[in-house]
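Structure at a glance
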Amino acid sequence: MEKKIRISIRFFGSLIDLSKSRIIELEPGVNQTIKDCIERLGVPHTEVYFITLNGMFVKFNKIVEDGEEYFVYPDCDLEIPEEYILTPKYIGEPKFILDIHLGGLARYLRMLGIYADFGVIEDEKIIEKATNEDLIILTKDRIMLKNSEVKYGYIVRSDNPKQQLIEVSRRYKLKNRFNPFTRCIVCNGRLLPIEKSKIIDKIPEKVKELYDEFAICSECEKVYWGGTHYEKMIKFIEEIRKNV
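Residues numbered from 1 in each chain as written. Predicted model: local features only at pLDDT ≥ 70, side-chain atom pairs only at ≥ 80, totals over all residues. Heavy atoms only, no water.

**Things to note about the pattern of salt bridges**
- Following the criterion strictly, the structure yields 16 salt bridges and no others.
- We note a salt bridge from Glu47 to Arg157, for which the minimum N-O separation is 3.0 Å. Pair noted here: Glu47 is in the loop between helix 2 (34–40) and strand 3 (50–53) and Arg157 is in the loop between strand 9 (153–155) and helix 6 (161–171), with a separation of 110 residues, a long-range link.
- Classification of Glu47 as buried rests on a relative accessible area of 5%.
- The partner of Glu205 in a salt bridge is Lys208, and the shortest N-O contact between them spans 2.9 Å. (Salt bridge = Lys/Arg side-chain N within 4 Å of Asp/Glu carboxyl O. Helix = DSSP H or I, 4+ residues; strand = E, 2+ residues; numbered from the N terminus. Buried < 20%, exposed > 50% of the residue type's maximum accessible area, 1.4 Å probe, protein only.)

See the structure below:
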């Protein structure tokens, strides 16, 4: 009779949000890697920064053995030997692609000047685009991030767009990268200043009378100007800055 294998996995930090328990015991079966076990518990590999076993670093391809206890850690600022960093830190200005369920978050990120690709529906297309363009996938879909081709990805925990913005801003340290009103909320294109005379036929009569400064999207050519909505967004951004 085949001997059963029993191991325990202890999760730390934000990973507990996904595993729903700090310590989990399971019987993984034979020839299972620690990566298989972790993802089986609902934690995608993209969320795991490093793993230890008896105080020693291990890689995702470690075959688990009976009686072992693994410690699994999220992204952090600890100095880890490079060969044991399981999900590399994103280098440079973070650029995101969001799944179809995160439209509100996409608009907020764009409002703050953060690159946020949105509108691709199929998971395979999102993964392909993220891979080709070196984008971070933001999603509510754990299965998508378990795909071995995904390099950078994060499961957005909150269901509220405002809280999602705070969450993602903290996770990727976006506060110092905020550059409000430089991207089109509709299409993610860059906003460029434009003379009033060049878009006079694209704006309402009342706007012509009240405003003199305008911007236009370099991609979809949507025209932007100040107003009460602008003042509300300024207050919203100030609140976000205080919370990230």
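**A closer look at the sheet that holds strand 6 (residues 96–98)**
- Reading across from one edge, 7-6-8-9 is the order of the 4 strands in this open sheet, with parallel pairing throughout. Two strands in the sheet have a free side with no partner beyond their single neighbour: strand 7 (116–118) and strand 9. Geometrically, the sheet is characterised by an average inter-axis angle of 25° between neighbouring strands, direction not taken into account.
- Across the sheet, helix 3 (residues 103–111) touches strand 6, strand 7 and strand 8 (136–139), and the angle it forms with strand 7 is around 145°.
- The strands touched by helix 4 (residues 123–133) are strand 6, strand 7 and strand 8; relative to strand 6, the strand with the most contacts, the crossing angle is about 175°. (Pairing = 2+ DSSP bridges. Axes fitted to C-alpha atoms, helices over the stretch in contact; angles between N-to-C directions. Contact = heavy atoms within 4.5 Å.)

**Looking at the pairing of strand 3**
- Covered by surrounding structure in strand 3 are Phe50 and Thr52 together with Ile51 and Leu53, the residues of both alternating faces.
- Two elements, strand 3 and strand 5 (residues 69–73), share 4 bridges in a ladder whose sense is antiparallel. The residue of strand 5 that forms the bridge with Ile51 is Val72.
- Connecting strand 3 to the antiparallel partner strand 4 (residues 56–58) that follows it, the hairpin turn spans 2 residues, and Asn54 within it adopts a positive phi of roughly 55°.

**Points about the sheet that holds strand 11 (residues 214–217)**
- The 3 strands lie next to each other as 10-11-12, forming an open sheet whose pairing is antiparallel. If you trace the sheet from one side to the other, it starts and ends with strand 10 (191–194) and strand 12 (223–225), each paired once. The average angle at which neighbouring strand axes cross in this sheet is 35°, direction not considered.
- Sheet topology places strand 10 next to strand 11; 4 bridges connect them, and they run antiparallel. Pairing of Pro193 across the sheet is with Ala215, part of strand 11.

**A few points about the environment of Phe50**
- Relative to the helices and strands, Phe50 resides in strand 3.
- A residue is classified by how much of its surface remains accessible, and Phe50, at 4% relative accessible area, is buried.
- In sequence terms Phe50 and Tyr224 are 174 residues apart; their C-alpha atoms lie 45 Å from each other.
- Beyond its immediate stretch of four places on either side in the chain, Phe50 contacts Phe57, Phe71, Val72, Tyr73, Cys76, Leu78, Ile80, Tyr84 and Leu86.

**As for the packing of aromatic side chains**
- Summed over the entire model, instances satisfying the criterion amount to 12 aromatic pairs.
- For the pair Phe50 and Phe57, a centre-to-centre distance of 5.7 Å together with 70° between the ring planes defines the contact as edge-to-face.
- Plain terms: the ring middles of Phe181 and Tyr230 are 4.8 Å apart, the flat faces sit at 40° to each other, and that makes the pair tilted. Separated by 49 residues along the polypeptide, Phe181 in the loop between helix 6 and strand 10 and Tyr230 in helix 8 (residues 228–243) bring together distant segments of the chain. (Phe/Tyr/Trp six-rings, centres within 6.5 Å; stacked < 30°, edge-to-face > 60°.)

**Focus on the environment of Tyr108**
- Relative to the elements of secondary structure, Tyr108 occurs in helix 3.
- For the pair Tyr108 and Ile237, spaced 129 residues apart in sequence, the C-alpha separation works out to 9.3 Å.
- Once residues lying within four places of it in the same chain are set aside, the contact partners of Tyr108 are Pro161, Lys162, Leu165 and Phe236.

**Overview of helix 8**
- Between its first and last C-alpha atoms helix 8 spans 23 Å; for 16 residues at 1.5 Å apiece the expected length is 22 Å, and the two agree.
- Of all the residues in helix 8, the buried ones are Met233, Phe236, Ile237 and Ile240. Relative to the axis of helix 8, the buried residues are bounded by an arc of 100° and lie together on one face. When the buried face of helix 8 is taken as reference, the exposed residues oriented beyond 90 degrees from it are Thr228, Glu231, Lys235 and Lys242.
- Lining the buried residues of helix 8 we find helix 3 and helix 6. (Expected span 1.5 Å × (residues − 1). Arc of directions from axis to C-beta.)

Interpretation in functional terms is not warranted from these geometric data alone.
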